[in-house]
Amino acid sequence: MIDSAMVLNKAASSSDHGLDLKSPGEAPLLPKHKPLSSQSKTFANVFIAVVGAGVLGLPYSFKRTGWVVSLLMLFSVAVLTHYCMMLLVRTRRRLESDMGFSNIASFGDLGFTVCGSVGRFAVDLMLFLSQAGFCVGYLIFIANTLSHLFNSATSTDLHPKILGLMPKTVYIWSCFPFQLGLNSISTLTHLAPLSIFADIVDIAAMGVVMIEDVFIFFKNRPSVEAFGSLSMFFYGLGVAVYAFEGVGMVLPIESETQEREKFGKTLAIAMAFISVMYGGFGALGYFAFGEDTKDIITANLGTGLVSFLVQLGLCVNLFFTFPLMMNPVYEVVERRLYNGRYCIWLRWLLVLGVSLVALLVPNFTDFLSLVGSSVCCGLGFVLPALFHLLVFKEEMGWCGVCLDGGIVVVGVVLGVSGTWSSLVEIFSVKG
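About the criteria used
- Residues numbered from 1 in each chain as written.
- Predicted model: local features only at pLDDT ≥ 70, side-chain atom pairs only at ≥ 80, totals over all residues.
- Heavy atoms only, no water.
- Phe/Tyr/Trp six-rings, centres within 6.5 Å; stacked < 30°, edge-to-face > 60°.
- Helix = DSSP H or I, 4+ residues; strand = E, 2+ residues; numbered from the N terminus.
- 1 Å grid on protein atoms, 1.4 Å probe; cavity = no way out; pocket = protein on both sides within 12 Å on 5 of 7 lines; lining within 4 Å.
- Points joined across faces, edges and corners; volume = space filled by probe spheres on them.
- Nonpolar A, V, L, I, M, F, W, Y, C, P; charged D, E, K, R; others polar.
- Expected span 1.5 Å × (residues − 1).
- Buried < 20%, exposed > 50% of the residue type's maximum accessible area, 1.4 Å probe, protein only.
- Contact = heavy atoms within 4.5 Å.
- Axes fitted to C-alpha atoms, helices over the stretch in contact; angles between N-to-C directions.
- Parallel < 35°, antiparallel > 145°, perpendicular 65-115°, else oblique.
- Left-handed = near helix turned anticlockwise from the far one by under 90°.

Caption draft 1: Local environment of the packing of aromatic side chains. With the rule as written, the count across this model stands at 13 aromatic pairs. Taking the centre distance of 5.5 Å and the plane angle of 80 degrees together, the rings of tryptophan 67 and phenylalanine 287 count as edge-to-face. With a gap of 220 residues between them, tryptophan 67 in helix α4 (residues 67–97) and phenylalanine 287 in helix α11 (residues 263–289) connect regions that are remote in the sequence. An angle of 80 degrees between the planes, with centres 5.5 Å apart, marks the rings of tryptophan 173 and phenylalanine 176 as edge-to-face.

Caption draft 2: Quick look at empty space enclosed by the protein. A complete count under the given rule lists 6 cavities of 30 Å³ or more for this structure. When its volume is computed, the largest cavity comes out at roughly 60 Å³. Around the largest cavity, the lining residues are Val77, Thr81, Val241, Phe244, Glu245, Gly246, Val247, Cys376, Gly380 and Phe381. Of all the secondary structure elements, the ones that give two or more residues to the lining of the largest cavity are α4 and α14 (364–392). Here the lining of the largest cavity is built from residues that sort into 6 nonpolar, 3 polar and 1 charged. If you add up the space inside the second largest cavity, you get close to 50 Å³. Taken together, Val46, Ala49, Val50, Met85, Gly246, Met249, Val250, Ile253, Phe263 and Leu267 make up the lining of the second largest cavity. Listed by contribution, the elements that provide at least two residues to the lining of the second largest cavity are α2 (39–50), α10 (250–255) and α11. Top contributing element to the lining of the second largest cavity by residue count: α2, with 3 residues. For the lining of the second largest cavity, a count of residues per class yields 9 nonpolar, 1 polar and no charged.

Caption draft 3: Here's a closer look at helix α13 (residues 344–360). Between the first and last C-alpha of α13 there are 25 Å, a value that for 17 residues agrees with the 24 Å anticipated at 1.5 Å per step. Those residues of α13 that fall on the buried side of the exposure criterion are Leu346, Arg347, Leu350, Val351, Val354, Ser355 and Ala358. Looking at the packing, one finds that the buried side of α13 touches α6 (117–150), α7 (167–182) and α12 (305–337).

Caption draft 4: Quick look at the packing of α6 against α13. Across the interface, α6 lies against α13 with an axial gap of 9 Å and an inter-helix angle of 55 degrees. Judged on the interaxial angle alone, α13 and α6 are oblique. Once α6 is placed against α13, the crossing between them reads as right-handed. Where α6 abuts α13, its residues Phe128, Ala132, Cys135, Val136, Leu139 and Ile140 lie against Leu350, Val354, Ser355, Val357 and Ala358.

This is the structure we're talking about:
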């Protein structure tokens, strides 16, 4: 998902600059004359853009929907995501080559070119909600993981508290003043190295968890379900869509590719590799713990030093990734409410809002499903197909029109149904 590729994320956000001008403010972490990327570098950029903390909720999703259904959903979402990413690439190429537009650098620029202010607003809104949603998920993960590490329930204290408050509440508010400071930084330049740290920690954590899962599976061999309840279908779909979210990065990455005619093939290979990795991670986690699989798979790990360091490292990773992920939110809000100027009180209000939402949502994976269903379906499926349809409608046959229109309809239906299913799960847990 966008959540771990912030070296390019500013370029993925929508911009208020004219399409015929190049602005260095569009991507402050990129050198002004960056050399083009080889196919291997493009593969790495796609991997970084898509893979994020959402993968840690996949085993729990496998538990809720069944491992066969979850695998089918993961691979189907990967195929559809790749197709929609390529729709964006083809749409930009047509606008630039045949219609005379230039410097369509971001998803927002493309929306403005195709649909005017309405298109830019739609991208802005979904980008705002998705990025803020990722950050809410980060705070939930940090608070729940620290609670598991330091304030787990015991036989003598089933509901441990800190100063009379729930541990999750204390940990979220403990992060708050430090996040105010980090999010007051006006440029991403000083935070850029953290994106590399984030990816290293994520990959290392996945490796440790998968190795632990294999040993635990052969030791316990718990019973697992191949097919879950039909009512959980949209829930699992939301988690899968969240896990593959990265569509906002595809245009900047394609722009930096040396052999752009091979981009589609490289993107397909990357998405295939990620989907297999996701499938293995989710299945192994569920096979190892069965019905005891928790919403954050690292909470199932033992109490050893390696397990402790992995979980603590992930918390530190997401803590410092938070301001990087919020930057596109600030770009949108400051541009629309403050003429694009830096505004510290707006940033602090947004951090407060994200923290308050995190306090209200108890389950990490439930929230992933909500964000994936409500926002990522629109950002990843509906808008790319709609923009492609509007640009190519004069030359498309009825099959092409039906395909694009079908993706739009399916994206809307999945988004509405998944949002409802996720909300039911969230409020049922709270009750």
